[in-house]
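Coordinate inspection notes
Here is how the chains run, residue by residue.
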Amino acid sequence: MSYQVAVLAGDGIGPEVMAEARKVLKEVEARFELDIEYAEYDVGGIAIDNHGCPLPDSTLKGCEASDAVLFGSVGGPKWEHLAPNDQPERGALLPLRGHFDLFCNLRPAKLHAGLEHMSPLRSDISSRGFDVLCVRELTGGIYFGKPKGRQGEGADEEAFDTMRYSRREIERIARIAFEAAQGRSKKVTSVDKANVLACSVLWREVVEGVAQDFPDVELEHIYIDNATMQLLRRPNEFDVMLCSNLFGDIISDEIAMLTGSMGLLSSASLNSSGFGMYEPAGGSAPDIAGQGIANPVAQILSAALLLRHSLKLEDAASAIERAVSKALSAGYLTGELLSSDERHNAKSTSEMGDFIANAVKEGV
Ligand SMILES: NC(=O)c1ccc[n+]([C@@H]2O[C@H](COP(=O)([O-])OP(=O)(O)OC[C@H]3O[C@@H](n4cnc5c(N)ncnc54)[C@H](O)[C@@H]3O)[C@@H](O)[C@H]2O)c1
Ligand SMILES: CC(C)[C@H](C(=O)O)[C@@H](O)C(=O)O
Ligand SMILES: [Mg+2]
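In this text, all values refer to a predicted model and were calculated from it rather than measured experimentally. (Residues numbered from 1 in each chain as written. Chains lettered and ligands numbered in written order. Predicted model: local features only at pLDDT ≥ 70, side-chain atom pairs only at ≥ 80, totals over all residues.)

Let's shift gears to the overall build of the protein chain. The helix and strand tally for the protein chain stands at 12 helices and 12 strands. In terms of overall dimensions, the protein chain is globule-like: its C-alpha atoms have a radius of gyration of 20 Å, near the 21 Å expected for 364 residues. In terms of its C-alpha atoms, the protein chain occupies a principal-axis envelope of roughly 55 × 50 × 45 Å. Relative to its 364 residues, the protein chain shows a buried fraction of 49%. Summarising the internal contacts of the protein chain: among those between residues at least 6 apart in sequence, 75% fall at separations of at least 24. (Helix = DSSP H or I, 4+ residues; strand = E, 2+ residues; numbered from the N terminus. Rg over C-alpha atoms; globule rule 2.2 N^0.38 Å. Buried ≥ 20, exposed ≤ 12 C-beta atoms within 10 Å, placed from the backbone. Contact = placed C-beta atoms within 7 Å.)

Our focus in this paragraph is the site of ligand 1. Taken together, 23 residues sit near ligand 1, with Gly75, Gly263, Gly282, Gly283 and Asn295 positioned nearest. Of the residues that constitute the shell around ligand 1, the class distribution is 10 nonpolar, nine polar and four charged. (Near = placed C-beta within 6 Å. Nonpolar A, V, L, I, M, F, W, Y, C, P; charged D, E, K, R; others polar.)

Our next topic: the site of ligand 2. Taken together, Glu89, Leu93, Asp249, Ser252, Ala281 and Gly283 make up the full set of residues adjacent to ligand 2. Among the secondary structure elements, those contributing two or more residues to the shell around ligand 2 are helix H4 (88-99) and helix H9 (245-258). Split into classes, the residues belonging to the shell around ligand 2 amount to two nonpolar, two polar and two charged.

Looking now at the environment of proline 147. Along the chain, the position of proline 147 falls in the loop between strand E5 (131-137) and strand E6 (149-151). Overall, proline 147 belongs to the exposed group, with 8 C-beta atoms counted inside 10 Å. Sequence-distant contacts of proline 147, defined by excluding residues within four places in its chain, comprise Phe160 and Thr162.

What follows is about the sheet that holds strand E4 (residues 104-110). Think of a sheet as strands paired side by side through backbone hydrogen bonds, with each pair either parallel or antiparallel. Across the sheet, 10 strands lie side by side as E2-E1-E3-E12-E11-E4-E5-E10-E8-E9; this open sheet has mixed pairing. The sheet is open, and its two edges are formed by strand E2 (35-40) and strand E9 (218-223), each paired on a single side. Sheet twist, expressed as the mean angle between neighbouring strand axes with direction ignored, is 25 degrees. In this structure, E5 lies alongside strand E10 (residues 240-243), joined through four bridges in parallel fashion. Bridged to leucine 133 within E10 is valine 240. Along the sheet, helix H10 (residues 297-309) contacts strand E3 (68-73), strand E11 (268-270) and strand E12 (276-278); its crossing angle with E12, the most-contacted strand, is approximately 160 degrees. (Pairing = 2+ DSSP bridges. Axes fitted to C-alpha atoms, helices over the stretch in contact; angles between N-to-C directions.)

Val135, Leu242, Ala303 and Ile320 are the most contacted members of the largest nonpolar core, which totals 110 residues. At nine residues, H10 tops the list of elements feeding residues into this core. Those residues in contact with isoleucine 320 that lie beyond four places of it in its chain are Val24, Val28, Ile300, Ala303, Ala304 and Val360. (Core = buried A, V, L, I, M, F, W, Y, C linked by C-beta atoms within 7 Å.)

With that settled, the discussion passes to the packing of helix H1 (residues 14-32) against helix H12 (residues 349-362). Relative to each other, H1 and H12 sit at 10 degrees, their axes nearing to 9 Å. As summarised for this structure, H1 and H12 are arranged roughly parallel, according to the angle between their axes. Across from Glu16, Val17, Glu20, Lys23, Val24, Glu27, Val28 and Arg31 in H1, the residues of H12 making contact are Thr349, Ser350, Met352, Gly353, Ile356, Ala357, Val360 and Lys361. Among the residues making up the contact of H1 with H12, the classes are represented as seven nonpolar, three polar and six charged. (Parallel < 35°, antiparallel > 145°, perpendicular 65-115°, else oblique.)

See the structure below:
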């Protein structure tokens, strides 16, 4: 069986971490005798520079012709002066999510045993560990609701976004959260702001309804403000966190950092036919781009999710995950995971990629 993967490295650290994911994929292909063809396309700022728009037709067509998309990250200060819809995020990333109906975003964050010291949590809290899956609705809510814009002038000028959710949109993402919980610790925490927002009141109602079909899964509701706090206090009591688009964006950065770094959190954005786009949850990190110090793990783990969810190659996916665990447990870490007095031991982006690729080759 042969597969076609579109590779959209994008901006900032995107191309740096993508190179490491490709290294690891090459070893996976050799070890599991896979036939995966890759085609690279410009997206985001680099596409603006090279083609005059963030999502060229050739890129979109290339993605359409593929089994899955491996995405880096887009955006950066160079393109922030452009009109909002011409910028990399709103001109490429969100349209890609919308175009392919990638409503289901999975962001798994786990504190590995023995690596509790990487977490900024107090040690009595981090020592209990945690393993959270953020299930984020990705094509609705305030990100996509219409109308959206600005009007008026002077002191009366105003800007507006619309938060909007249909029963259908809530139900399909809730169902995925409950199904995921059945294969994990059987608990769904639904994050909302039902004390203020109409969308959240409907969200709660629909989630309660879906829960009836999953009597083996415990359901709790929590307000977003309390959720961000409870994650710092008792992260080990969460399992699946079901979130709307905006709340999931916030929760996912928090759970990433609780594991030690934004550079550890992978993500899968899926539609109902199994097509997916796979990308680190973090961004183009302009503050460290070009220095060879970015953590490639989130990109490498996103490649593993691609193999699992779109190509259905579970053995290859778990081989990558074991190789990443081996690197982290061996103390093979990029600088942002180390305290300032340990930072002289930091590995570069490419050293991390080499180690993980080699671990895949050796078959850990
Ligand atoms: N999927 C995407 O393409 C995506 C996601 C988030 C942000 N962005 C864009 O990226 C740009 C920068 O955004 P930001 O600064 O708010 O968020 P960011 O995630 O890029 O960076 C936040 C912090 O996390 C660190 N970080 C992120 N990834 C890392 C990695 N792999 N290794 C080590 N450290 C890492 C950065 O150095 C920075 O200190 C913006 O233009 C934003 O819109 C894009
Ligand atoms: C870049 C931005 C549009 C994006 C989002 O808000 O969804 C990012 O923060 C993410 O988490 O994937
Ligand atoms: Mg985000």
